[in-house]
Amino acid sequence: MNLTKICKSAKKSANDLASLSNSKRNKILEDLSKNLEKRKEEIFYANTKDLNKNKSLSKELKDRLIINEQKLKDIIKSIRNVKKLNDPLSGSEEYLRKDGLKIIKKVIPIGVICAIYESRPNVTIDITSLCIKSGNVAILRGGRESLNTNSTLINLSLIHISEPTRQAEISYAVFCLK
């Protein structure tokens, strides 16, 4: 998919995601955390491929790239912590001006958020979960050193989000630039 198609698809998906209730967005997040736990061997395999491909990285960069059992538990915990946050889209204010004009200030999603970041696979899920919670779509580009891991994390997110039961609600919430 080229960049123009990704952006057009993201815009369409943004409208779908923004219309979901907080409980539906929370359900997506909870199911995503369960999916990552259930399919952790795929994540570890992809991460091993990245580590084997990047043996010359410094110890600090490798530490950022590694996803082991504990880091995956931390990622899943962070998704569940985001789920517990108050609905960021529930706020609104109303007031009446002296001239009779009623002003309504309503919180709405930005729509599409693009993030380019270094090779830290946990950031892929952090951005994904924050965007889902806030009703936004993410276009992500992580560092090339973590391409396999990030692609796997995003594909697992998409598999979950585009399950047949959710197909009518939302097509995609995350897009990956390679």
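Given the structure is predicted, the values throughout are model-derived calculations rather than measurements. (Residues numbered from 1 in each chain as written. Predicted model: local features only at pLDDT ≥ 70, side-chain atom pairs only at ≥ 80, totals over all residues. Heavy atoms only, no water.)

Q: Explanation requested: the overall build of the chain in the structure shown.
A: Counting its secondary structure elements, the chain contains seven helices and five strands. In the chain, the succession of α and β elements from N to C terminus is α-α-α-α-α-β-β-β-α-β-α-β. Taking all 178 residues of the chain together, 44% fall into the buried category. Across the chain, contacts joining residues at least 24 apart in sequence account for 75% of those joining residues at least 6 apart. (Helix = DSSP H or I, 4+ residues; strand = E, 2+ residues; numbered from the N terminus. Buried < 20%, exposed > 50% of the residue type's maximum accessible area, 1.4 Å probe, protein only. Contact = heavy atoms within 4.5 Å.)

Q: Just to check I follow, could you spell out the confidence of the model for the chain for this structure?
A: Close inspection of predicted coordinates is inappropriate for parts of the model with low pLDDT. For the chain, per-residue confidence averages 87 on the pLDDT scale, and 88% of positions sit at 70 or higher. Between residues 164-171, whose pLDDT stays under 50, and residues either more than four places distant or in other chains, the model counts 16 contacts. (pLDDT = per-residue confidence, 0-100.)

Q: Could you clarify how one ought to interpret helix α2 (residues 22-38) in this entry?
A: Spacing of three or four residues puts side chains on the same side of an α-helix, whose turn is 3.6 residues. For α2, which comprises 17 residues, the first-to-last C-alpha distance of 24 Å matches the rise-based estimate of 24 Å (1.5 Å per residue) to within 8%. Of all the positions in α2, only Asn22, Arg25, Asn26, Ile28, Leu29, Glu30, Asp31, Leu32, Ser33, Asn35 and Leu36 are classed as buried. (Expected span 1.5 Å × (residues − 1).)

Q: I keep staring at the environment of Thr149 and nothing clicks. Help me out?
A: Tracing the backbone shows Thr149 in helix α7 (residues 147-161). In this structure, the C-alpha to C-alpha distance between Thr149 and Ser119, residues 30 residues apart in sequence, is 9.5 Å. Apart from the residues lying within four places of it in its own chain, the contact partners of Thr149 are Ala46, Asn47, Asp50, Ile67 and Pro121.

Q: Just to check I follow, could you spell out the pattern of salt bridges for this structure?
A: Pairs can form between side chains of opposite charge once their charged atoms are near each other. In total, this model carries 13 salt bridges according to the counting rule given. One salt bridge connects Glu30 with Lys83, and the closest N-O pair in it is separated by 3.6 Å. Here the residue Glu30 occupies a position in helix α2, and Lys83 occupies one in helix α5 (residues 69-84), the gap between them amounting to 53 residues. Classification of Glu30 by relative accessible area gives buried; the value is 17%. Under the relative-accessibility criterion, Lys83 is labelled partly exposed at 30%. Ionic pairing is found between Lys59 and Asp63, a salt bridge with its closest N-O pair at 3.1 Å. In this pair, Lys59 and Asp63 both sit in helix α4 (residues 59-65), four residues apart, roughly one turn of the helix. The structure contains a network of salt bridges with shared partners spanning Glu30, Arg80 and Lys83. (Salt bridge = Lys/Arg side-chain N within 4 Å of Asp/Glu carboxyl O.)

Q: Is there a simple way to explain the nonpolar core in this structure?
A: Proteins that are soluble and globular tend to have nonpolar side chains buried together. Judged by nonpolar contacts, the single largest core of 23 residues is most densely connected at Leu36, Ile43, Ile67, Leu72, Ile79, Ile125 and Leu153. Secondary-structure elements contributing two or more residues to this core are α1 (3-18), α2, α3 (40-53), α5, α6 (121-133), β4 (137-141) and α7. With five residues, α5 is the largest single contributor of residues to this core. Leu72 has contacts with Leu36, Lys40, Ile43, Phe44 and Ile67, leaving out every residue within four places of it along the chain. (Core = buried A, V, L, I, M, F, W, Y, C linked by side-chain atoms within 4.5 Å.)

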